[in-house]
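Structural characterization, general
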Amino acid sequence: MRLDCKFYHQQSVAKRWVELPAMKKSYALLLLLAACAQEPPKPSQTPNVNLSGFPKSFQDGYRDGCTSAQSLLNKKDQARYKSDAEYMTGWQDGYSVCKNK
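First, a word on what this report is: a plain description of the structure on this page. Because the structure is predicted, anything quoted here is derived from the model rather than measured.

**Quick notes on the state of the cysteines**
Evaluation of the coordinates by the stated rule reveals one disulfide. What pairs with Cys66 in a disulfide is Cys98, and their sulfur atoms sit 1.8 Å apart. Because the torsion about its S-S bond is -90 degrees, the bridge between Cys66 and Cys98 counts as left-handed. Of this pair, Cys66 sits in helix H3 (residues 56-70) while Cys98 sits in helix H5 (residues 85-99), and the two are 32 residues apart along the sequence. Its relative accessible area of 3% is what places Cys98 among the buried residues.

Have a look at this one:
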């Protein structure tokens, strides 16, 4: 009679787990949880650009455009992009500067 290796392996792992001392189980679980608890990588920050002389809407657009260029998330306020020329210009500038980084 031939044993199914996958089934045998699963039984073997389960049996070995039951036979482990409690302290080793605790360490194994702690390591597993620690590996899962890592923070996801943060997207790159907006380049250090002095936008203080620009209008607020341009600054908002620049930040949103830069965020869009550095991630898969398209952070564009569509209504504002269509109606506010300063936001649109800021978004385009931020996107083009950050896309090339």
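Moving on from the model shown.
**Focus: the side chain of Asp60**
Among the structural elements, Asp60 can be located in helix H3. A residue is classified by how much of its surface remains accessible, and Asp60, at 15% relative accessible area, is buried. With sequence-adjacent residues up to four places away left out, Asp60 is seen in contact with Arg80 and Tyr87.

**Description of a nonpolar patch on the surface**
Together, Met23, Tyr27 and Leu30 give the surface a local cluster of nonpolar side chains, amounting to about 360 Å² of exposed area. Relative to the elements of secondary structure, Leu30 occurs in helix H2 (residues 22-36). When its relative accessible area of 54% is taken as the criterion, Leu30 is described as exposed.

What counts, and at which threshold
Residues numbered from 1 in each chain as written. Predicted model: local features only at pLDDT ≥ 70, side-chain atom pairs only at ≥ 80, totals over all residues. Heavy atoms only, no water. Disulfide = S-S within 2.5 Å. Helix = DSSP H or I, 4+ residues; strand = E, 2+ residues; numbered from the N terminus. Buried < 20%, exposed > 50% of the residue type's maximum accessible area, 1.4 Å probe, protein only. Contact = heavy atoms within 4.5 Å. Patch = residues over 30% accessible without salt bridge, like charges linked within 9 Å, V, L, I, M, F, W, Y side chains within 5 Å. Areas by Shrake-Rupley, 256 points an atom, 1.4 Å probe, with all protein chains shown as cover. Salt bridge = Lys/Arg side-chain N within 4 Å of Asp/Glu carboxyl O.

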